[in-house]
Amino acid sequence: MKKEVRKTGDFGIGQMIHVIHMSDDVTKLNKFYEDVFGGWCFLGGDEPNWLPVEDRWASLYMVSNVCIETMAPNMPVDETKPVGKFYSKFGQHLHSVGYKVDDLAGLADDLLAKDIYIGAPGGGKIEKLDEETQYFYPSPRDTAGLMVELCKMDMPDDPRDKDTWSANERRWENHPLTIERFSYVTLGVKDLDAAVKTYVDVMQAVPIADGVDDDMKAKYATVQLGDFLLQLAQPLEVDSDLGRHVEQYGNFIYSLRFKVRDLDSVQEWLTKKDVRSERLRDDLVVTNVEDSLGAPIFFTTEEIPGDPFARS
């Protein structure tokens, strides 16, 4: 059975087509997701995919129900290209998320009417979306810091779009990480109220939950944007990992989180794979950012109140 896609907003923001993880070496990132997560490569396995307009190399991996795009700029880095500019500024780090949109032209018109800057593939401002343009990026200045690709095409050969998906998805539950599904992307922000207003008013996201996480030393709000959740998190202390991240980068994508069945199994497996981890509380584990190549990755057994994707 194909993955059931839930959409939000007037323009049909749906499948989160990928989360991009940036590095200087796609092969190194590929090995990490294959060896540690049991990642299933469906594009760029034998050789990473080359995209001239962005001057970058990339592969696509499924990890449970989320697609991870591993990416690196072509070397030497061309800082006039968005990918090269990002890498030169931030290095190895989570880069962005992407969404399939039913009515991309309608969404572009709506964003432009709200004075949102939208960038073209390869760079440059879009004043009016033409039929040939397959995707665009709203400026992170207007999305509370999140780089988000909005596109009108599906990912080529996306396993979630095939009738065999429901059977293949179960492979991660039997993996030592015991992943049930992807929980959310976390965006670190300086002003939580302003960030929530941006996503609800501009992107038509649906509020799900909010509160304070004492172990993360942050207050947060979780919203549904398309077929996945996004957590907006404001640090309460500068001397926390999230606090230091926001202090260094400002509003910026921070981490990934997976819902799992067995955290003891998670830590045993990570240790076996030489990935250090920390048990923040009984139901939450995080990787050492150096060992997970610039991206804090959290594993939890906790449920999110009001989660529309929770299993019955």
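Quantities reported herein were computed from a predicted structural model and do not represent experimental measurements. (Residues numbered from 1 in each chain as written. Predicted model: local features only at pLDDT ≥ 70, side-chain atom pairs only at ≥ 80, totals over all residues. Heavy atoms only, no water.)

Participant: Would you explain the overall build of the protein chain in this entry?
Facilitator: Of the regular secondary structure elements, the protein chain holds seven helices and 17 strands. Here the C-alpha radius of gyration of the protein chain, 18 Å, is about what a compact globule of 312 residues would show, namely 20 Å. Its C-alpha atoms give the protein chain principal-axis dimensions of roughly 50 × 45 × 40 Å. Counting only contacts in the protein chain whose residues sit at least 6 apart along the sequence, the fraction spanning at least 24 positions is 65%. With the model as given, the accessible surface of the protein chain reaches about 13,600 Å², and the carbon-plus-sulfur share is 46%. Averaged over its 35 positive side-chain charges, the protein chain has a centre that lies 1 Å from the centre of its 56 negative ones. (Helix = DSSP H or I, 4+ residues; strand = E, 2+ residues; numbered from the N terminus. Rg over C-alpha atoms; globule rule 2.2 N^0.38 Å. Contact = heavy atoms within 4.5 Å. Areas by Shrake-Rupley, 256 points an atom, 1.4 Å probe, with all protein chains shown as cover. Lys, Arg positive; Asp, Glu negative; His and termini not counted. Charge placed at Lys NZ, Arg CZ, Asp CG, Glu CD.)

Participant: Just checking my understanding: could you explain the pattern of salt bridges for this structure?
Facilitator: Once their charged atoms are close, side chains differing in charge can pair, the charge on each being opposite to the other. The final tally for this structure, using the stated rule, is 26 salt bridges. Between D110 and K114 there is a salt bridge whose closest N-O contact spans 2.9 Å. Here D264 and R279 are joined by a salt bridge, their closest N and O atoms 3.2 Å apart. Placement of D264 in helix α7 (residues 263-272) and of R279 in strand β15 (residues 277-281) is noted, with a sequence separation of 15 residues between them. Residue D264 is classed as partly exposed on the basis of its relative accessible area, which comes to 47%. A single salt-bridge network, built from bridges that share partners, covers D213, D215, R257, R281, D283 and E302. (Salt bridge = Lys/Arg side-chain N within 4 Å of Asp/Glu carboxyl O. Buried < 20%, exposed > 50% of the residue type's maximum accessible area, 1.4 Å probe, protein only.)

Participant: Any chance you could explain empty space enclosed by the protein here in plain terms?
Facilitator: Once rolled over the atoms, a probe with the size of a water molecule shows which space is left empty. This model, assessed by the stated rule, comprises three cavities of 30 Å³ or more. Estimated volume of the largest cavity: approximately 40 Å³. Every residue along the wall of the largest cavity is listed here: R181, S183, K259, T300, E302, E303, I304 and D307. Class assignment of the residues belonging to the lining of the largest cavity gives a composition of one nonpolar, two polar and five charged. (1 Å grid on protein atoms, 1.4 Å probe; cavity = no way out; pocket = protein on both sides within 12 Å on 5 of 7 lines; lining within 4 Å. Points joined across faces, edges and corners; volume = space filled by probe spheres on them. Nonpolar A, V, L, I, M, F, W, Y, C, P; charged D, E, K, R; others polar.)

Participant: Is there a simple way to explain the nonpolar core in this structure?
Facilitator: Counting 81 residues, the largest nonpolar core has F37, L150, Y199, F258 and F299 as the members making the most contacts within it. Top contributing element to this core by residue count: strand β1 (residues 13-22), with six residues. Those residues in contact with F299, other than ones at most four positions away along the chain, are F37, L177, F258, V260, L263, V266, L270, D283, L284, V285 and T287. L242, V246, V286 and F298 belong to the second-largest nonpolar core, a separate cluster that totals nine residues. (Core = buried A, V, L, I, M, F, W, Y, C linked by side-chain atoms within 4.5 Å.)

Participant: How do you make sense of the packing of aromatic side chains when you look at a structure like this?
Facilitator: Describing an aromatic ring pair means giving the distance of the ring centres and the angle of the ring planes. Within the structure shown, the criterion is met by 17 aromatic pairs. For the pair F32 and F37, a centre-to-centre distance of 5.7 Å together with 65° between the ring planes defines the contact as edge-to-face. For the pair F32 and F37, one class covers both residues: buried. Three or more aromatic residues joined by ring pairs make a cluster, and in this case those are F32, Y33, F37, F182, F228, F258 and F299. Between R171 and the ring centre of W40, over which it is positioned, the NZ or CZ distance is 4.4 Å. Directly above the aromatic system of W172 lies the positively charged group of R171, at a separation of 5.4 Å from the ring centroid. (Phe/Tyr/Trp six-rings, centres within 6.5 Å; stacked < 30°, edge-to-face > 60°. Lys NZ or Arg CZ within 6 Å of the ring centre and 35° of its normal.)

Participant: Looking at this structure, how should I read the environment of P76?
Facilitator: Looking at the element boundaries, P76 is found in the loop between β5 (66-73) and α2 (82-90). A C-alpha to C-alpha distance of 43 Å links P76 and T301, two positions 225 residues apart in sequence.

Participant: Any chance you could explain the layout of surface pockets here in plain terms?
Facilitator: Roughly 790 Å³ of internal volume is contained in the largest pocket. Lining the largest pocket are 28 residues, and of these P82, K85, S139, P140 and M147 lie nearest its centre. Contributions of two or more residues to the lining of the largest pocket are made by α2, β8 (135-138) and β14 (252-260). Counting residues per element, the lining of the largest pocket draws most heavily on α2, which supplies six residues. Taken together, the residues of the lining of the largest pocket sort by class into 14 nonpolar, eight polar and six charged. Reported here for the second largest pocket is a volume of approximately 530 Å³. Along the walls of the second largest pocket sit 22 residues, with K3, E4, N65, E169 and F309 positioned nearest its centre. Elements with a minimum of two residues in the lining of the second largest pocket: α4 (165-169), β10 (179-188) and β13 (228-235). The biggest single contributor to the lining of the second largest pocket is β10, with four residues.

Participant: What is the right way to read unusual backbone geometry from this model?
Facilitator: Trans peptide bonds make up the majority, and among non-glycine residues the majority have a negative phi. In this structure, P76 follows M75 across a cis peptide bond, with omega equal to 0°. A positive phi angle is found at S64, which is not glycine, with a value near 55°. Its identity is not glycine, yet D157 carries a phi of approximately 60°, on the positive side. Using a relative accessible area of 51% as the deciding quantity, one classes D157 as exposed.

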